[in-house]
Amino acid sequence: MRRLAERVLNEIGVSLNLEAPAGTLTVAHQQMVAIARALSVHSRVLLLDEPTAVFTAAEVEAFFRIVRRLKAQGLGIIYISHHLEEIFQIGDRITVMRDGRVTRTGPVQEFDRMSLVRAMVGRDIDFSRRSQPTALGEELLRVEGLTRRGVFQGISFGLRCGEIVGLAGLVGSGRTELARAIFGVDRFHSGNLYIRGVGRRFRSPCQALSHGLGMLPENRKEEGLVPSRPVLENAAYCAVQLQSRFGWVPWARIRRLVRAVIENVGVRCASTNLGVRTLSGGNQQKVVIAKWLAARSDILILDEPTRGVDVGAREEIYALMWRFKADGKAILMISSDLPELLTQADRILVMAKGRIVGELPREQASEEAVLGFALETSRGQRHVN
Amino acid sequence: MLEAVARRWWQQRTVDTQRTFTTFLAMLLLIALAAVLSRGVFIKPTNLLNLVFQNAILGVISFGQLLVILSAGIDLSVGSMLGLSTVLLMIFQFLGLPVALLLTVTIPAVFGAVNGYFVAQRRLPAFVVTLAMMLFVYSLAQVISGGAGIYSGLNGAPLSPVLVSFNRRGLLGVPLPAVVWLLVLAGMALFLRLRLGHFVFAVGGNERAAVFSGVPVTMVRFLAYLGASVLASVGGILAVARVGEGHPAAGQTYLLDSIAAVTIGGASLSGGEGTMIGTLLGVLILGTLNNILNLLNVSPMMQPAVKGVVILLAVYLNGRREQR
Amino acid sequence: MSTDRGERQVLPRLNDYGAALVLLCLVAYGVFRVPNFLSEMNLSAILYQYSIIGLLALGQLLVVLTAGIDLSQGALLALTSITTALVMVRHGPVMGVLAGLAVPAGVGVVSGLLVSRLRMPPFLVTLGTMGIARGMAMRIANARPVPIHNEAFISFGSGTLIHVPVSTFLWVGASIGLAFFLTRRPFGRHVYAVGSSEESSRLSGVSVASVKLAVYVLSAFLCAVGGVIWTSRLGSGSPVGGQNYELESIAAVVVGGASLFGGKGRVDGVVAGVLIFGVINSVLNLSRISPFWQGMIKGAVVLLAVALTQVRSGAAIRAPEGMARA
């Protein structure tokens, strides 16, 4: 068994400690193990489903080298991805699917970014649509020197009314962890958090919620929805928690509010009484968003708000964010999608290896600038430990 | 045309409602069967009312179990709690009925709180915690009662006549078991509409999502276990009222039956799914089934086997509907 | 040892060896504070009594490792007993034992199929098969015990080999065999895999259904073996015995460090768990503590052991110290 493992890992050019439990590996290494396993059974066709979702740029390069090597060995590879650049980099032939049907297929030379998106969506997307800057108000949130040992340190920034602040960084830079610490899911070990000028330390999301915070988690299904329960109920959880007095829930009022929000957000479902699991992925995302909008939080932390969402729904989510901004609320948006950050954020903070390494106002932001900050310190490495 | 309307209506109901409806149909079927077999005796009002009275104890306990199961847990100690409460009621009679009743409910509630603490706060598996509690409480009841049944209070007086006659006369002519069961039903219905009660579904359905949505998960879980114990002791009170005796083993059969009733009623053991009405129907189905077996002259030894088959059937059907 | 409130930072080693530790403490207590504890009679009595539960616990471990549970063990014990006795009357001991092994295994197949093919929850499936098995046993025996007259068979269960009860040999043999099977054979590894992550196992080509079916059949088989011994000791086939044995076996498995969520647990832990209950029993009896108190002590011990050995990683929400996810 050991020899087999060593051999396949060598084949893809990776060397790992064979005794280490799989759960302790980096995500990239876990992927390698999975690929090695596929190789160990002498597969002829390899199916990769969003394999580079959590890779750093360097890891993507290494991964592509492996893929090209496998290609040369005669393996057939089906590579599913949302990352258009990657598809152009590594693909020979592209097949586009939408709503369960193939809309277009052909050699990669026949496509460019625009036509690819058109095949996915059926219309052109205007990449130059940007959010409008709003007049800024009081500071809603401020962190100073926030530190969680081994994960992030010395984080300081502020968030004002009417702002969308983007949080950029490579995977592993600690962005989601920072968000979780602010929101009370995890703790931070030192530093201060101020909500509207008052120092706070949230021990649970329940507390954070009561102080006007909200967080759209990265993992929508597992952390955002109760699949067996109705759409209406799911969207109402935060509202119920906030608007109940002494346990008494104003159901009529809440139902009205939540139904309005659900419609606003554009959730398409046959009935709000149906279980949320009957909805499509994109609509499920919207239900989670609806939940937080219904909570009327003042500060929303969005963790990868448009990941896994089709291009059409993406625009709708941006529109909701703009409205949120215009209402004088604040958004902290974690995103790995650089174009998204560049078009939606008023300000971009860049994190690397657990620290904030750069801040770019809208006018100065560009892909090169952001990546420059993100890569400079980390030099292609990922570990914080 | 009508079929299309009906189908649309059906599809717009939640899974919970669908299941409850199906369970209701199943019960109607069973009642029909019983009616046929008994040549109409079964559906006489007196007999139907009797069905309710006989199963009130199981009904009350099953609601407690439902609460816990909705929160994705289980309470194996409800049977022992019932036994303990019967013993407590007997020995505390001499303090007067109101005080005795109070103690009978609060002492098991303390143990329920211990369950809640370990499961909700310390996050130990509910199965094991309540298993340990079951052993503990049963043993405690034995120690208090000296291992045998108790027929009279500490001062030697027989069980307060008030309680026993209450059982028959009850409130305004409605016998005690029915009154209590109705009160419990109403209480649960109210609880599930309050904030913490409503959140039980979320906590059981997807705990992580509940936490991330700001739901006070620990408190909700804790209350579920507390509630289960309280309801178990209420069941114990009814048991004493019925037979005039307190015995540590009084609740033994109710544990598995309560789980069966909740399951037949459509609740899922993984939490987040289930209704009160469903559990109510589950209890009545079990009761009707018993009746039917008697009518068919099936030996009582076969009861566990029949229950087993019914449980399997119910789970299978519930599972099928889920997959659609 | 919790460094962050809400995190279960129990020493990971405690999970594996907590049971042995508790057992050691109990034995120490027994040796020093309880008269006659260390006597040969007492020790062999413990082994004698608890080797049957020991066999059950091994089967339960297999099932629990796949994140399942087997509530039917007690009922299967009774079913074995009745089947063995009834068949033996007509066809002799060998056929009796074979039948007694085969019939419960058949029930195990049913449980296994319901869990693996129809994807029904193990708790309820085995609750159902428990009722069915119990009902069957009662029915074919007419609720009466069936006396056995075969001397050889009867002496087998109570016999000893070099002062050690025969049942203990069976238990030890089964334990060693199971430990080997779980650690060295691929199928054994698959059992752990299925319990840890069913989805990953499936996607890796493990036949999850076969694994799940197998564990229920094996559990039933081990019950049957225990049942044969038990029957021989009773000298008759009893349809009413075995009540709550499954709860004891589950308790032993959990106390031994296995997780009810699957994927975690070892044979040595389970052996320690069984012996813990055996020692508690013995200590309480020898100390002349009324049997009524035993439940309270057992309950407390189970709770303590679980608090020490269970590390809940399944639903954990808080990130452990120093680990950046993504």
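Keep in mind the model is a prediction, meaning the values are calculated, not measured.

Draft legend 1. Focus on the overall build of chain B. A tally of helices and strands in chain B yields 15 helices and zero strands. In terms of C-alpha radius of gyration, chain B reaches 20 Å, essentially the compact-globule figure of 20 Å for 324 residues. Across its three principal axes, chain B shows a C-alpha extent of roughly 70 × 55 × 40 Å. In chain B, which comprises 324 residues, the proportion classed as buried is 58%. For chain B, restricting intrachain contacts to residue pairs at least 6 apart in sequence, the fraction spanning at least 24 positions comes to 79%.

Draft legend 2. Structural context of the interface of chain C and chain B. In this assembly, 41 residues from chain C lie in contact with 38 residues from chain B. When contributions to the side of chain C that touches chain B are tallied by element, the ones reaching two or more residues are helix H4 (122–141), helix H10 (245–255) and helix H12 (291–309) of chain C. Ranked by residue count, the leading element in the side of chain C that touches chain B is H4(C), at 14 residues. Among the residues forming the side of chain C that touches chain B, the class breakdown is 27 nonpolar, eight polar and six charged.

Draft legend 3. Here's a closer look at the sheet that holds strand E11 (residues 299–303) of chain A. Residue and element names in this part refer to chain A. The six strands are arranged E10-E11-E12-E7-E13-E14 in an open sheet whose pairing can be described as mixed. In this open sheet, the two strands that pair with only one neighbour each are strand E10 (213–216) and strand E14 (355–361). Neighbour-to-neighbour, the strand axes of this sheet turn through a mean angle of 20°, independent of strand direction. By the bridge criterion, four bridges tie E10 to E11 in an arrangement that is parallel. Its bridge partner lying in E11, Leu216 is registered against Leu302. Running at roughly 150° to E11, helix H6 (residues 175–183) makes contact with strand E7 (164–169), E10, E11, strand E12 (330–334) and strand E13 (347–352) of the sheet. The sheet contacts of helix H12 (residues 311–326) involve E7, E11 and E12, and relative to E12 the element is tilted by about 145°.

Draft legend 4. Broad picture of the packing of helix H5 (residues 78–92) of chain B against helix H12 (residues 217–243) of chain B. All names here are of chain B. It is the contact of H5 with H12, at a shortest axis distance of 7 Å, that shows an interaxial angle of 50°. As summarised for this structure, H5 and H12 are arranged oblique, according to the angle between their axes. Handedness of the crossing formed by H5 with H12: right-handed. Residues Val78, Met81, Leu82, Ser85, Thr86, Leu89 and Met90 of H5 pack against Ala228, Ser229, Ala232, Ser233, Gly235, Gly236, Ile237, Ala239 and Val240 of H12. For the contact of H5 with H12, the residue count by class is 10 nonpolar, six polar and no charged.

Draft legend 5. The arrangement of the nonpolar core in detail. Residues B:Val60 and C:Ile276 are the most contacted members of the largest nonpolar core, which totals 303 residues. Inspection of this core shows a minimum of three residues originating in each of domain 1 (2–91) and domain 2 (139–378) of chain A.

Draft legend 6. The packing of helix H6 (residues 97–121) of chain B against helix H7 (residues 126–145) of chain B, seen in detail. Residue and element names in this part refer to chain B. As a packed pair, H6 and H7 sit with axes 9 Å apart at the nearest point and diverge in direction by 155°. In terms of orientation, H6 and H7 fall into the roughly antiparallel class. Once H6 is placed against H7, the crossing between them reads as right-handed. Contact residues: H6 offers Phe111, Val114, Asn115, Phe118 and Val119, while H7 offers Ala126, Val129, Thr130, Met133 and Val137. Looking at the contact of H6 with H7 residue by residue, the class counts come to eight nonpolar, two polar and no charged.

Draft legend 7. The arrangement of helix H3 (residues 73–116) of chain C in detail. Here H3(C) contains 44 residues, and its C-alpha end-to-end distance of 18 Å is more than 12% below the 64 Å for a straight helix at 1.5 Å per residue. The largest bend in H3(C) comes to about 145°, at C:His91, with the proline C:Pro93 one to four residues further on.

Draft legend 8. Quick peek at the confidence of the model for chain C. Residue and element names in this part refer to chain C. Residues at a pLDDT of 70 or more form 90% of chain C, whose mean pLDDT is 84. The weakest mean pLDDT in chain C belongs to strand E2 (residues 160–161) at 73; the strongest belongs to helix H9 (residues 208–234) at 93. Contacts of residues 312–317 to residues separated by more than four positions or lying in other chains number eight contacts, the stretch itself having pLDDT below 50. In this model residues 319–326 is a low-confidence stretch, pLDDT under 50, and it forms 24 contacts with partners more than four residues away in sequence or in other chains. For this predicted complex, the interface score ipTM comes out at 0.84, alongside a pTM of 0.83.

Draft legend 9. Broad picture of unusual backbone geometry. Here the phi dihedral of A:Phe246 falls at roughly 55°; this positive angle occurs in a residue that is not glycine. Following the sequence through the fold, A:Phe246 ends up in the loop between helix H9 (231–243) and helix H10 (251–265). A:Phe246 gets classed as exposed once you count the C-beta atoms within 10 Å, which come to 6. Here the phi dihedral of C:Ala67 falls at roughly 65°; this positive angle occurs in a residue that is not glycine. By the element assignment, C:Ala67 lies in the loop between helix H2 (40–65) and H3. Judged by the 20 C-beta atoms lying within 10 Å of it, C:Ala67 falls in the buried class.

Draft legend 10. Inspection of the sheet that holds strand E9 (residues 198–200) of chain A at higher detail. Residues and elements named next belong to chain A. If you walk across this open sheet you meet the four strands as E6-E5-E8-E9, and the pairing is antiparallel. With one partner strand each, in any of the chains shown, strand E6 (152–160) and E9 form the two edges of the open sheet. Across the sheet, the axes of successive neighbouring strands diverge by a mean angle of 20°, strand direction being ignored. Bridge analysis of strand E5 (residues 139–148) against strand E8 (residues 190–195) gives five bridges, and the strand direction is antiparallel. Its bridge partner being in E8, Glu144 is matched across the sheet by Asn192. Helix-sheet contacts for H6 involve E5, E6 and E8, and the interaxial angle to E5 is about 115°.

How each quantity is defined
Residues numbered from 1 in each chain as written. Chains lettered and ligands numbered in written order. Predicted model: local features only at pLDDT ≥ 70, side-chain atom pairs only at ≥ 80, totals over all residues. Helix = DSSP H or I, 4+ residues; strand = E, 2+ residues; numbered from the N terminus. Rg over C-alpha atoms; globule rule 2.2 N^0.38 Å. Buried ≥ 20, exposed ≤ 12 C-beta atoms within 10 Å, placed from the backbone. Contact = placed C-beta atoms within 7 Å. Nonpolar A, V, L, I, M, F, W, Y, C, P; charged D, E, K, R; others polar. Pairing = 2+ DSSP bridges. Axes fitted to C-alpha atoms, helices over the stretch in contact; angles between N-to-C directions. Parallel < 35°, antiparallel > 145°, perpendicular 65-115°, else oblique. Left-handed = near helix turned anticlockwise from the far one by under 90°. Core = buried A, V, L, I, M, F, W, Y, C linked by C-beta atoms within 7 Å. Domains from an automatic or database assignment. Expected span 1.5 Å × (residues − 1). Bend = angle between axes of the 7 residues up to and from the residue. pLDDT = per-residue confidence, 0-100.

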